[in-house]
Amino acid sequence: MEPKLIIHGGAGLALSDPDRAQSVRIALAQVVNEVQQALSTGLSATEAVILAVTRLEDEPRYNAGTGSVLQSDGQIRMSASVMDGAKQRFSGVINISGVRNPVLLAQYLQESPDRVVSETGGQYLAREMNLPPYDPTTVRRLEEWFEQKKSGIVQRAGALTMGTVGAVALDQQGQISAATSTGGRGFERNGRVSDSAQPAGNYANDCCGVSCTGIGEDIIDEAAAVRIVLRVTDGMNLTEALAKTIGEAKVRNRDYGVIALDHHGTVGWDKNMPLLLAAYTAEGTVGFSF
Ligand code: ASP
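The structure contained in this document is the topic of the report that follows. (Residues numbered from 1 in each chain as written. Predicted model: local features only at pLDDT ≥ 70, side-chain atom pairs only at ≥ 80, totals over all residues. Heavy atoms only, no water.)

1. Things to note about the sheet that holds strand 3 (residues 89–96)
Now for step 1: Within the open sheet, the eight strands sit side by side as 4-3-2-6-5-1-11-12. Their pairing is mixed. Every other strand in the sheet has two partners, leaving strand 4 (116–118) and strand 12 (285–288) as the edge strands with one partner each. In this sheet, adjacent strand axes meet at a mean angle of 10° when their direction is disregarded.
Now for step 2: Relative to strand 4, strand 3 runs parallel, the two sharing three bridges. Each residue of the ladder has a partner; that of Gly-92, found in strand 4, is Val-116.
Now for step 3: Along the sheet face, helix 2 (residues 45–57) touches strand 1 (4–12), strand 2 (78–84), strand 5 (165–170) and strand 6 (176–182) and points at about 155° away from the line of strand 5. (Pairing = 2+ DSSP bridges. Helix = DSSP H or I, 4+ residues; strand = E, 2+ residues; numbered from the N terminus. Axes fitted to C-alpha atoms, helices over the stretch in contact; angles between N-to-C directions. Contact = heavy atoms within 4.5 Å.)

2. Thoughts on the site of the ligand
Now for step 1: As a matter of local geometry, the ligand sits amid twelve residues, with Thr-164, Ser-194, Asp-195, Thr-213 and Gly-214 nearest to it.
Now for step 2: Between the ligand and Ser-194, the relevant distance is 2.7 Å, taken from an oxygen atom to a side-chain nitrogen or oxygen of the residue.
Now for step 3: Contacts to the ligand include Asp-195, whose side-chain N or O atom sits 2.6 Å from a nitrogen atom.
Now for step 4: Look at the ligand: alone it shows 270 Å² of surface, and the protein chains cover 100% of it.
Now for step 5: Taken together, the residues of the shell around the ligand sort by class into two nonpolar, seven polar and three charged. (Near = heavy atom within 4 Å. Polar contact = N/O pair within 3.5 Å; in protein donor to acceptor, adjacent residues only side chain to side chain. Areas by Shrake-Rupley, 256 points an atom, 1.4 Å probe, with all protein chains shown as cover. Nonpolar A, V, L, I, M, F, W, Y, C, P; charged D, E, K, R; others polar.)

3. Overview of the packing of helix 3 (residues 102–109) against helix 4 (residues 120–128)
Now for step 1: Packing of helix 3 against helix 4 leaves a shortest axis separation of 11 Å and a crossing angle of 80°. If you check the angle between helix 3 and helix 4, you find them roughly perpendicular. Seen from helix 3, the contacting residues are Leu-105, Tyr-108 and Leu-109; seen from helix 4, they are Gly-122, Leu-125, Ala-126 and Glu-128.
Now for step 2: Here the residues of the contact of helix 3 with helix 4 are counted per class, giving five nonpolar, one polar and one charged. (Parallel < 35°, antiparallel > 145°, perpendicular 65-115°, else oblique.)

4. What about the pairing of strand 12?
Now for step 1: Relative to strand 12, strand 11 (residues 275–282) runs antiparallel, the two sharing four bridges. By the bridge assignment for strand 12, Thr-281 is matched with Val-286.
Now for step 2: Once strand 11 ends, the chain turns through two residues before running back antiparallel as strand 12, passing Glu-283 with a positive phi of about 45°.

5. Considering the sheet that holds strand 10 (residues 267–271)
Now for step 1: Pairing in this open sheet of four strands is antiparallel, and the strands run 7-8-9-10 from one edge to the other. If you trace the sheet from one side to the other, it starts and ends with strand 7 (202–204) and strand 10, each paired once. Each neighbouring strand pair of the sheet contributes to a mean axis angle of 15°, computed without reference to strand direction.
Now for step 2: Where strand 7 meets strand 8 (residues 208–214), three bridges bridge the pair, whose relative direction is antiparallel. Across the sheet, the residue bridging to Tyr-203 is Val-210, located in strand 8.
Now for step 3: Relative to the sheet, helix 7 (residues 224–233) contacts strand 7, strand 8 and strand 9 (256–262), its axis offset from that of strand 8 by approximately 155°.
Now for step 4: Docked against the sheet, helix 8 (residues 238–251) engages strand 8, strand 9 and strand 10, running at close to 10° with respect to strand 10.

Structure follows, in C-alpha cells:
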C-alpha cells in the first residue's frame, strides 16, 4: 500500500503576508517530506504521526511543545494524544508542564494500563521516562500573554491565531494512526481540558483517522473526530463525511478545522475557520490547504 500523510499546524486567521504563508509552507513541507520518506521505508503509522508531531512540537512557531501559549495564570500546560487505529487504542496527557515533547509521553502510555494522565501525573511520568526538565516558553508567547493581560480581553477565539499541531498517517500495511498536540486555547482558566487529548479531537480506526484544531469546546460539543471516523466506517466517503460534519458544525457556529485520511489513501481536510495550515503527500510532491 502506498503510504500517505497529512499534517496541520493549526487553524486561524488568514495569513495576509505572503512571505509568512510561504515560510509556513516550507516548514510544513520539510516535515511531510521527512516523515513520508520514513513511511516509504516501512515506518508504522503510529511511529510516523509521533515523528511528525515531535518535529512540529520542536518548531516554536506552533502552539505545541516549544512555543506553547500561556494559560490565564501565566503557566504553560500542554496536552497531546496518540490514537493507534489498528489497535483501536487511545493514549494521552492533559495539562502537563516542563517537558519538551508531550507526544512522547502519550506514546509511552500506549503500552500502559493507565492510558490518559494529567497534570502532576505527567511530571511523575516524565521522571519515570528519564526525560530532562524543559521550559517550552518563548519570548513571543510571553509578550502575547502580557499584551492580553494588559488589554483585559480574554477572547474565546484565542486559538484563532494559534497553531495546535496534528498528523494522520496511513502506512504500507494499510494501518492508520493520528496524533495531536497543543498548548491549549490560550489564556484559559487553570484546569481547562483541551479536545486535543480526547477522542473528539484525535481519533482513528482501521478505516479513517482525524486530527482537529480550533476551539476545543466546539470540537468536543460536536465529537468531531469520532463523528467523521464513524461516518467513513459506516460507508460514507471521506469527502462527503467531511462536508457533512463541517456543514453541521457551521449551522451551530462552531470554529474548527480537521485533517483526515481514509484506508483507500484519500487525503482530506475541511474547516469553518478562515484558514487551516495543512500539508500532505500528493503524487510525489507536497500539497497545501492554503
Ligand atoms: N483545539 C485546541 C484547544 O482548544 C486549540 C487549537 O487547536 O488551536 O485546546
